[in-house]
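For reference, the chains in residue letters:
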Amino acid sequence: MTTAQTAPPPAMRLRELVFGAACAAAIRAAARLGVADALGDEPMAVPDLAAAVKAEPKPLRRLLRALTCYGIFAEQPDGTFVHTDMSRQLREDAPDSLHYIALWCTEPWTWDAWPLLDEAVRSGRNVVEDLYGKEFFDYLNNDAPESADVFNRAMTTSSAQSARDVAEFLDLSGSSTVADIGGGQGHVVASLLEKHPSLTGVLLDLPRVVENADPRLRPGGALADRMRIVPGDCRVAVPARADVYIIKNILEWDEESTRRTLRNVIEAGGPGTRVIVIENLVDDSPSMRFSTAMDLLLLLNVGGAKHTTESMVSRLTDAGLVVGDIRPVNPYLHAFDCTVPG
């Protein structure tokens, strides 16, 4: 029976860390095989689990043995395997599923990019353009459609899980229109419309993203008559007038893209408009290992960065916004409540 290990001596811990790719690969393999989905509430023998996921029993047992060392699945004394709190989150149907987020963080392009981190640190710029000859999202949407689909599903999962917190946090009383900029499939704006029955909404994101918008927002949906869906790139233009603009977890690109997006929002809204920027921060997070890893990944793919409170305020102020309250939405997100000056 294998179990999650206690902390080893420093030399062994360093050996384990340099094999971090093996852990990431094992999680990805389990997600792609659907192991967590196949394992139910009762203990399951490896041959039965292997048959369910169409894998060979011996290699599957080796995969499970590796994952149990990290607390992902657990082995019983009789050799059967059961779920843990972490392995349940790899199920696609879990309310707090991390299935697609686990896949997104281990997509094929990441294995090309991570070995070039030293080059990104030396130059301060992304490595994707040198690898693939084009900007990251151009590459993703045109050359790696399967990876683009994983990205969209991962962002949808993340947005759906945080949308209720955002809606509960924000007071939009007195506002008539809210625009969700780069809002993915619209979970945040949908939650806000449900909270405020007199509010109308706008969702702006890339065409292939908004064509799969939340069913509540599309024609025939419960919120469709109060909603306008606008396909477009907020770095190019924001063709939407609103009282309040929500910009959630997208100001992590390169500085020029962030600058253009903020400029476009300010021009669309005009003086007095409220702009609420919601971000994960690397100086105020309960999970610095995850946040700093995502920060490095952003350096690799788009030349971007996760923000500190100071760097976020600096970018918002430089764009011409007046920054008001800065408050936590939940343990992982902070809201910067800003105004376009008159």
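Presented here is a report on the structure given in the accompanying data block. This one's a predicted model, so the numbers in the text were calculated from it and none came from an experiment. Each chain has its residues counted from 1, following the order in which its sequence is written. In keeping with the predicted nature of the model, local features appear solely for residues at pLDDT of at least 70, side-chain atom pairs appear and are counted solely at 80 or more, and the whole-chain, interface and lining totals rest on all residues. To get the side-chain values, all heavy atoms of the structure are used, and hydrogens and water are removed first.

### Focus: the sheet that holds strand β5 (residues 227–231)
Then step 1. DSSP bridges decide pairing: two strands pair if at least two such bridges lie between them. Numbering of helices and strands runs from the N terminus, with a helix taken as a DSSP run of H or I at least four residues long and a strand as a DSSP run of E at least two residues long. Strand order in the open sheet formed by 7 strands is β5-β4-β3-β6-β7-β9-β8, with mixed pairing between adjacent strands. In this open sheet, the two strands that pair with only one neighbour each are β5 and β8 (322–330). When strand polarity is set aside, the average angle formed by the axes of neighbouring strands in this sheet is 20°.
Then step 2. Judged from the 4 bridges that link them, strand β3 (residues 177–181) and strand β6 (residues 244–248) form a sheet pairing that is parallel. From the neighbouring strand, Asp180 faces β6, where its bridge partner is Ile246. To obtain an axis, a line is fitted to C-alpha atoms, over the contacting stretch when the element is a helix, and the angle between two such axes runs from 0 to 180 degrees between their N-to-C directions.

### Brief notes about unusual backbone geometry
Then step 1. Not every positive phi belongs to a glycine, and Phe73 is a case in point at roughly 70°.
Then step 2. You can see Phe73 is positioned in the loop between α5 (57–68) and β1 (74–75).
Then step 3. In this structure, Asn249 is a non-glycine residue whose phi angle is positive, near 55°.
Then step 4. One can find Asn249 in the loop between β6 and α15 (255–269).

### Points about the pattern of salt bridges
Then step 1. For salt bridges, the criterion is a side-chain nitrogen of Lys or Arg within 4 Å of an Asp or Glu carboxyl oxygen. Here the structure, examined in full by the defined rule, presents 19 salt bridges.
Then step 2. Here Asp93 ties to Arg91 by a salt bridge, and the two come within 3.0 Å at their closest N and O atoms.
Then step 3. For the exposure calls, accessible area comes from a 1.4 Å probe over protein chains only, and a residue counts as buried if that area is under 20% of its type's maximum, exposed if over 50%, partly exposed in between. In this structure Asp93 comes out as exposed when scored by relative accessible area, which is 53%.
Then step 4. Across the pair Arg259 and Glu256 runs a salt bridge, and its minimum N-O distance is 2.7 Å. Of this pair, Arg259 and Glu256 are both found in helix α15, 3 residues apart, which corresponds to roughly one turn of the helix.
Then step 5. For Arg259, a relative accessible area of 44% puts it in the partly exposed group.
Then step 6. One network of salt bridges, with partners in common, ties together Glu255, Glu256, Arg259, Arg260 and Arg315.

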